[in-house]
Amino acid sequence: MAADVVSHSLNLLETLKESIENNKLSDVKDAVEDLLISRINLAVAGERGPEKSAFINALRGLGPEDEGAALSPCPTPPEEMAIYPNPKHPDFRLWDLPPTPTASPFDPEGYMERVKFLRYNVVVMAFTQSLQANSVAVFLEARSVQRDTVYFALLASEKDTEKGLEERRNASLELMKTQGVALPKVFLVRPSCLEKLDFPGLLEEMERDLPEIRAHALLLALPTLFPVLVTQKRDAFKALVWAAASLSGGVSAIPVPLVASMVDARVGVRILTKARASLCLDDESVERLAWQRQVDPARLKALRTCNLSVEVTQGEVKLRLAAAEKELTTNTTRLLEMAMPRHARSAGRSFTTMLQALNGAIDEMGVDAEKILAAAGIGEEK
């Protein structure tokens, strides 16, 4: 998986660099904005119950008692859709879609139109017992209109054994084969521990299938569910820093609303505030993780040794920018200018300052996030 992480992050950086070199600054500005607000719609379709509610909550880093959590039983009428905004990333919306009807004959296009299926960036078709033939029909209809980001997830309860889950998965795969799915896949997901079973593989597949920017918007909006996500998030933020530094470094005379000057601390504050939320370093996220994993919250909070992990302030960001500028040497500047878009090299000092200051901060925050996950007992084991 590590090679895929590096490759995907490099792809994002190369995409941004190519847009800058081709002077497509509006594309880069849009990409930066999309990453910062994490504009994405993810839907979970299927029968409502405790497992589905727990899955929706886990994707937002919430427990059943948290404000805004999906409830079980769900108060939304069975045939209606429910929407769950993410409290830290309001433009990341999770939709609870009703299940496909079991009646025959069944019109998959009618169901898709009713739930506005094609407006979602990702649809997870979830079930807990047996996969329904009509759900497979919807999957095939989605594929026929080139919608590849549709996946089947078998949600496990606390009582389910791996043997029982495998039996249900195998039965579902057989059904998919009989209905003409060439390479059927069903991911086993335990909502209470998303780092286990198949969820990491499901997320990896989503990231491969989604467009580059949208995949990273999803990545930055998800909680730090397992250690590899910290690495992915850190690398994505470094690509974001590169793009923002390029824009603020005077690449073009056209106005860019995101930045107001060559080295603007407000840009840094916005990026690092997003990084702090994405890496789940804020007090609320750390306390929630401590409660979920039965760990002393004070112990986890004490692991945040970077000031920016505790609070992002304009004063701290200005100090880091000033320190980075002071530390610049001629050799460092020349080396980093080689990585810069050619149009920005006249503004190399501001570009280099922002790059060094923010990347250094992101590395420190990433280390804090890794320490907190380790102390909470979250590893990559399945």
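Conventions adopted
- Residues numbered from 1 in each chain as written.
- Predicted model: local features only at pLDDT ≥ 70, side-chain atom pairs only at ≥ 80, totals over all residues.
- Heavy atoms only, no water.
- Pairing = 2+ DSSP bridges.
- Helix = DSSP H or I, 4+ residues; strand = E, 2+ residues; numbered from the N terminus.
- Axes fitted to C-alpha atoms, helices over the stretch in contact; angles between N-to-C directions.
- Core = buried A, V, L, I, M, F, W, Y, C linked by side-chain atoms within 4.5 Å.
- Buried < 20%, exposed > 50% of the residue type's maximum accessible area, 1.4 Å probe, protein only.
- Contact = heavy atoms within 4.5 Å.
- Parallel < 35°, antiparallel > 145°, perpendicular 65-115°, else oblique.
- Left-handed = near helix turned anticlockwise from the far one by under 90°.
- Nonpolar A, V, L, I, M, F, W, Y, C, P; charged D, E, K, R; others polar.
- Salt bridge = Lys/Arg side-chain N within 4 Å of Asp/Glu carboxyl O.

Trainee: Honestly, the sheet that holds strand 2 (residues 82–85) in this entry has me stumped. Any pointers?
Mentor: Backbone hydrogen bonds are what pair the strands of a sheet, in a parallel or an antiparallel way. Reading across the sheet, the six strands line up as 2-3-1-4-5-6 and stay open at both edges, with mixed pairing between neighbours. A strand with exactly one partner marks an edge of an open sheet, and here the two such strands are strand 2 and strand 6 (187–189). Recorded for the sheet is a direction-independent mean angle of 30 degrees between the axes of neighbouring strands. In this structure, strand 5 (residues 150–155) lies alongside strand 6, joined through three bridges in parallel fashion. If you follow L154 over to strand 6, its bridge partner there is L188.

Trainee: Even after reading the chapter, I still don't get the nonpolar core, so can you show me in this structure?
Mentor: It is characteristic of soluble globular proteins that their nonpolar side chains tend to be buried jointly. Counting residues in hydrophobic clusters, the biggest one holds 86 residues, and the most contacted among them are F55, V189, F199, L218, I271 and L272. Excluding residues that lie within four positions of it along the chain, L218 makes contacts with I40, L42, F92, L203, M206 and L210. Ranked by size, the runner-up nonpolar core spans 30 residues in total, among them A45, A137, V150 and L197.

Trainee: Would you mind going over the packing of helix 10 (residues 265–278) against helix 14 (residues 314–327) with me for this structure?
Mentor: Two numbers describe a pair of packed helices, the interaxial angle and the distance between the axes. In contact at an axis separation of 9 Å, helix 10 and helix 14 are set at 115 degrees when each is read in the N-to-C sense. One way to sum up the angle between helix 10 and helix 14 is to call them roughly perpendicular. Seen from above, helix 10 lies across helix 14 with right-handed handedness. Seen from helix 10, the contacting residues are A265, R266, G268, V269 and L272; seen from helix 14, they are Q314, V317, K318 and L321. The residue inventory of the contact of helix 10 with helix 14, partitioned by class, reads five nonpolar, two polar and two charged.

Trainee: What is the right way to look at the pattern of salt bridges in this model?
Mentor: One pass over the full model with this rule turns up 25 salt bridges. Two residues, R48 and D96, come together in a salt bridge whose shortest N-O distance is 3.0 Å. A residue pair is termed long-range when its members are at least 10 positions apart, and R48 in the loop between strand 1 (40–45) and helix 3 (50–58) and D96 in strand 3 (residues 92–97) qualify at 48 residues. On the basis of relative accessible area, R48 is assigned to the partly exposed category, the value being 22%. The closest approach of N and O atoms between E204 and R208, which form a salt bridge, is 3.4 Å. Within this pair, E204 and its partner R208 are both found in helix 7 (residues 199–209), separated by four residues, close to a single helical turn. Overall, E204 belongs to the buried group, its relative accessible area being 17%. Connected through salt bridges with shared partners, the residues K185, E204, E205 and R208 form a single ionic network.

Trainee: What exactly am I supposed to notice about the environment of Q129 here?
Mentor: Relative to the helices and strands, Q129 resides in the loop between strand 4 (122–127) and helix 5 (133–144). Note: C-alpha distance between Q129 and L165 (36 residues apart in sequence) is 8.8 Å.

Trainee: Please clarify how helix 11 (residues 283–293) should be interpreted in this entry.
Mentor: Every α-helical turn comprises 3.6 residues, leaving residues that sit three or four positions apart pointing alike. Three or more residues of helix 11 are buried, namely S285, V286, R288, L289 and A290. Q294 lies just past helix 11 and shows a positive phi near 55 degrees.

Trainee: Please explain the environment of T76 as it appears in this structure.
Mentor: With respect to the helices, strands and loops of the structure, T76 is situated in the loop between helix 3 and strand 2. C-alpha separation for the pair T76 and P98, spaced 22 residues apart in sequence, amounts to 9.8 Å. In this view, T76 contacts R48, M81 and A82; residues no more than four positions away in its chain are not counted.

None of the figures reported here should be taken as evidence of function without further support.
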